[in-house]
Each structure stands twice: as structure tokens, then as C-alpha cells.
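The primary structure of each chain is shown beneath.
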There are 2 protein chains.
Amino acid sequence: MTDAAPTHTEPPSERCRVRRASERGHYDRDTIDAIVDAAWVCHVAMAASDTADADMLCLPTASWRWGDALCIHGSNGSRMMKRLAAGAPACVSITHLDGLVLARSAFSHSMNFRSVVVHGRFDVLEGADKLAALDALMDHIAPGRRVHVRAPDRNELAATTVLAIPLHEASAKIRNWGPHDKEGDAELPVWAGVLPLHSVRGRPQPDPGSEALPLPAHLQHWLQP
Amino acid sequence: MTDAAPTHTEPPSERCRVRRASERGHYDRDTIDAIVDAAWVCHVAMAASDTADADMLCLPTASWRWGDALCIHGSNGSRMMKRLAAGAPACVSITHLDGLVLARSAFSHSMNFRSVVVHGRFDVLEGADKLAALDALMDHIAPGRRVHVRAPDRNELAATTVLAIPLHEASAKIRNWGPHDKEGDAELPVWAGVLPLHSVRGRPQPDPGSEALPLPAHLQHWLQP
């Protein structure tokens, strides 16, 4: 690709430099935060054990941003939580796919997307940090809902591990333009362009016990296009 | 969770057994294939080197199914392609998020999703297999488009690595039901239910050179809801 998207700052470390199609790389926190904030789920890579040649794990899990960190949570007993809480090296990725890019040659087909990759290790959150991060999760799901639901009790909190990985060693990668055919292909009589993909909110579906309740104010935003 | 989704078969290996909420696990190929076929992108986990304590990588990339394997491709020079072509242990994950599940307690909130996790190592495809897998990629993007675009030339093929990982060591995980509150929470006067999320196709956007061309038959399916 010869087209350049602006790179606002340099990568904070060599391991998070965008290598392929580096003109699509971004390292500013506003760009990174926007991609993290638009996501409900991330994928976390880790080794299943500390040995060389260990099995790899790539597991999806709910994610949200809490200040300068990306957070995940889970049962204390989960394999992923145990490995990450023990400080295993990790890499987290979030990807929003925005469209298929159709070119005039098979080779020049591409995709439009926004992605973030975070490198590092997770910290275990405890005490007030743990509570604040869990509040941020509920605010991420539906701002304002937190005060209406039953808060976590002591046992539920004790059974849950909350982990945070700093966003300072992260990169974003964005492609958001049309096809770029090679010279010589541009004149081929083939339809080229973008097939857009959007994530759309569907109508809230109350469970049987909530059918008589109005949709609360804190969920009205879900109805907006 | 106490509700059970049917488990059609047993996990093919211990490392691909669904551990958490195991009633959501599926191991039959029809379920796995449907989730892979509905995706354009996967996330691949690998170690950045062969050493213990190596940095992890979790990278998004285009994916498609070719018979009994999940395929990815990329430039020969890419870090990911080089590591995986060398036989590094890998794990591939695909996740479709279908909704946020809102319960009456913070703790019981959940998500509806369909995911697949594949364990193993990638094989490098060469010769006729490589061509057939690339044809399958184009068919995945738009069935029938392959004969209209310029096929890859010798240099393009030589510059591209195509990798396949068998789907026989894979698991699917599905949650597709409403909230399950704990006893004692069910009577709380809080709206509970599902906030659905859908992936929707947007109107095809021709590039400047294609504005005068009709949308070809092989792309008409994109207009269907």
C-alpha cells in the first residue's frame, strides 16, 4: 500500500511497532482508547505454561478500559486468570472489522478495520482499585445502571479476579479507505470498492420477569441508531 | 450457570476441552464450521520466539475455511507468517458477539456469543493446495468473483505465504440465552434481558473507477438483509 494514514507519535517500544503496512500504525492514546472503548470483547494470547514450546492459548473475554489500563475479569479458578495473575507474558488484541475491500486483482483485496494490540503483563487489582474497575465495567455496559443492580457481595468479589494491563505499550492499526489497485489493473472492467460492515444494536429483549417494566433511562441509548 | 446447551460430542483432546461454563461447549464440526464460515477475521496467538518467557503475540488476520482447515495468509516477510510457517505452537480464536446480557445483580451480567478456539500448528500450503486455498478465500469474500478479477501472478503467489491449521482439534463455545439471576435476585425491580448486537452489511461503495458499473451479480447478496 502506498497511501499513508498519519502516524501521530512513534511506537513506545520496539515490540509494539506496527511492522506490516506501517503507514496504518498509530500510537496516540486517543486513537487507542477509542478502539478499546468501542469494544466489548478482546482476545488474550498467553502460553499455557512456562516451558519453551508451551501450548498457546488465544481466548476471548470481556474487556473494558479503566483509565490507563485495559481490564478483564473472571473466576479465580479459570486457567486464563491463574496464568495471567501469575504474571505470564501476554498480548491483547481488539479488532473492529469495518468492511471488505474489493480490488480488481485477487492480490489487492483487503479489509478495512480498526485494531489495537497491547503488549505486557497483567496486574491483579485489589481493594478499592478492584471495586473501581468493576464499576467501570458496569459503566461500560450501560452508564448509570450500576446504582440499580445488586452490587457484588463479599463472596462474589472474593471469587472474581480482576486484571489490568497498561495501555502505554500498545499500537493501533487502521485501514479505512478504498481499494488500491496496481498500475495496469486500474483499467480492468471489474467492480471495485468497499463492502461495509457495521455492528448494530438490536431492540432490547426483556426477560420474562421484565416484560412489564419500561426500558429504564440508562438503556435508552441502545435504541438510538 | 445452570442451564445446559447440548454437547454433541466429547472434546478431541484435553487441551481443547471447554473448562469454564462447560455446558456451553460444542465439539461437532457443523457447529465449529458455521462459526468459522461466519467470520472474516481470526486472532492468532503465538510466542514471538522459541525461548521460555518469550513475548506473546495476538494478531488479527483474515481467515477462511478450506475443507477441514482454517487458513490464513500474508506476506512471506511478516513476523507472524515466518513464526507460524516454522511450526511454532499456535492457537486461533474467532468470536462473534451477539449481545450483552443484563441481569439484576452486577455479578450475573454476561454476554451472548459464538466462539471457536483451534489448537495446533499451521502447515504451509504449496502448489495446487495453495492455489485451491486462495480460491477458497476469494469464494469466501464473494462467491463467483474469482473468475472476474485478475488472478495472482507468479510473483504475487511467490510473495504470499498461505497457512492451514486443521480444525480437528477445536472447540466451540456458545451462549445464546437470557440472564440467569441467582435465587433472591429474581424479584429485584430491575430491567433484565438481552441487548442484542448484530453484524450488518452496508450498501456497497464503488471506488471512483467503478461508479458507472452496475453491481455485479456476484455481489447482489450483499444487498440482502
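Because the structure is predicted, anything quoted here is derived from the model rather than measured. (Residues numbered from 1 in each chain as written. Chains lettered and ligands numbered in written order. Predicted model: local features only at pLDDT ≥ 70, side-chain atom pairs only at ≥ 80, totals over all residues.)

Colleague: Run through the overall build of chain A, naming residues and quoting values.
Modeller: Along its length, chain A carries four helices and twelve strands. Principal-axis analysis of the C-alpha atoms gives chain A an extent of 65 × 55 × 30 Å. Taken across its 225 residues, chain A has 43% of its residues classed as buried. Excluding contacts between residues fewer than 6 apart, the proportion of contacts in chain A whose partners are at least 24 apart in sequence is 68%. (Helix = DSSP H or I, 4+ residues; strand = E, 2+ residues; numbered from the N terminus. Buried ≥ 20, exposed ≤ 12 C-beta atoms within 10 Å, placed from the backbone. Contact = placed C-beta atoms within 7 Å.)

Colleague: Describe the relation of the copies chain B and chain A, with residues and values.
Modeller: Mapping chain B onto chain A calls for a screw motion: a turn of 180 degrees about the axis and a shift of 0.0 Å along it, with 0.0 Å RMSD after fitting. Each copy turns onto its partner about a two-fold axis. Within chain B, Ala 52 of chain B has its C-alpha nearest the rotation axis, a separation of 2.0 Å. A shared binding surface is used by both copies, with 99% of the interface residues of chain B retained as interface residues in chain A. (Least-squares fit on C-alpha atoms with pLDDT ≥ 70 in both.)

Colleague: Can you explain the sheet that holds strand β8 (residues 123-124) of chain A? Please cite residues and give values.
Modeller: Residues and elements named next belong to chain A. The four strands are arranged β4-β5-β9-β8 in an open sheet whose pairing can be described as antiparallel. Two strands in the sheet have a free side with no partner beyond their single neighbour: β4 (64-66) and β8. As judged from the two bridges shared by β8 and strand β9 (residues 160-166), these two strands associate in the antiparallel manner. Within β9, the residue paired with Val 124 across the bridge is Leu 163. The strands touched by helix α3 (residues 127-141) are β4, β5 (69-75) and β9; relative to β4, the strand with the most contacts, the crossing angle is about 135 degrees. (Pairing = 2+ DSSP bridges. Axes fitted to C-alpha atoms, helices over the stretch in contact; angles between N-to-C directions.)

Colleague: Now, about the pairing of β9 of chain A: what can you tell me, with residues and values included?
Modeller: Residue and element names in this part refer to chain A. Counting buried residues in β9 gives five out of seven residues, a clear majority hidden from the surface. Pairing geometry for β5 and β9, over seven bridges, is antiparallel. Within β9, the residue paired with Ile 72 across the bridge is Leu 163.

Colleague: Describe the sheet that holds strand β4 (residues 64-66) of chain B, with residues and values.
Modeller: All names here are of chain B. Strand order in the open sheet made by the four strands is β4-β5-β9-β8, with antiparallel pairing throughout. Of all strands in the sheet, those bounded by a partner on one side alone are β4 and β8 (123-124). Here three bridges tie β4 to strand β5 (residues 69-75), and the two strands are oriented antiparallel to one another. Each bridged residue has a counterpart across the sheet, and for Arg 65 the counterpart in β5 is Leu 70. Those strands touched by helix α3 (residues 127-141) are β4, β5 and β9 (160-166), and its axis lies near 135 degrees from that of β4.

Colleague: Residue-level account of the interface of chain B and chain A, with values.
Modeller: Bring the parts together and some accessible area is lost; that lost area is often taken as the interface size. Taken together, the contacts link 82 residues of chain B with 81 residues of chain A. Put simply, the parts of the chain that give the side of chain B that touches chain A at least two residues each are β2 (41-47), β3 (56-62), β6 (90-102), β7 (110-120), α3, β11 (193-201) and β12 (205-206) of chain B. In terms of residue count, the dominant contributor to the side of chain B that touches chain A is β11 of chain B (nine residues). Tallied by class, residues from the side of chain B that touches chain A come to 50 nonpolar, 19 polar and 13 charged. (Nonpolar A, V, L, I, M, F, W, Y, C, P; charged D, E, K, R; others polar.)

Colleague: A description of α3 of chain A should follow, citing residues and the corresponding values.
Modeller: With 15 residues, α3 of chain A should reach 21 Å at 1.5 Å per residue; the first-to-last C-alpha distance of 22 Å fits that figure. Taken as a whole, α3 of chain A has its buried residues at Lys 130, Ala 133, Leu 134, Leu 137, Met 138 and Ile 141 of chain A. Looking down the long axis of α3 of chain A, one finds its buried residues gathered within 145 degrees of arc, a one-sided arrangement. For α3 of chain A, the secondary structure elements touched by its buried residues are β4, β5 and β9 of chain A together with β6 of chain B. (Expected span 1.5 Å × (residues − 1). Arc of directions from axis to C-beta.)

Colleague: Any details on the pairing of strand β11 (residues 193-201) of chain A? Residues and values, ideally.
Modeller: Both strand β6 (residues 90-102) of chain A and β11 of chain A contribute to a ladder of four bridges, which runs antiparallel. Paired with Leu 102 of chain A across the bridge in β11 of chain A is Gly 193 of chain A. By the bridge criterion, two bridges tie β11 of chain A to β12 of chain B in an arrangement that is antiparallel. Directly across from Val 194 of chain A, in β12 of chain B, lies its bridge partner Gln 205 of chain B. As defined by bridge partners, β11 of chain A adjoins β11 of chain B across five bridges and the pair is classed as antiparallel. Bridging across to β11 of chain B, Arg 201 of chain A finds its partner in Leu 197 of chain B.

Colleague: Account for unusual backbone geometry, with residues named and values stated.
Modeller: Residue Ala 21 of chain A is not a glycine yet carries a positive backbone phi of 50 degrees. Positionally, Ala 21 of chain A belongs in the segment before β1 (25-26).

Colleague: Account for helix α1 (residues 29-37) of chain B, with residues named and values stated.
Modeller: All names here are of chain B. Every buried residue of α1 is accounted for by Thr 31, Ile 32, Ile 35 and Val 36. One side of α1 carries all its buried residues, which in axial view fall inside an arc of 130 degrees. Away from its buried face, by an angle of more than 90 degrees, α1 presents the exposed residues Asp 30 and Asp 37. Contacts made by the buried residues of α1 are with β1 (25-26), β4, β5, β6, β7 and β10 (170-175).

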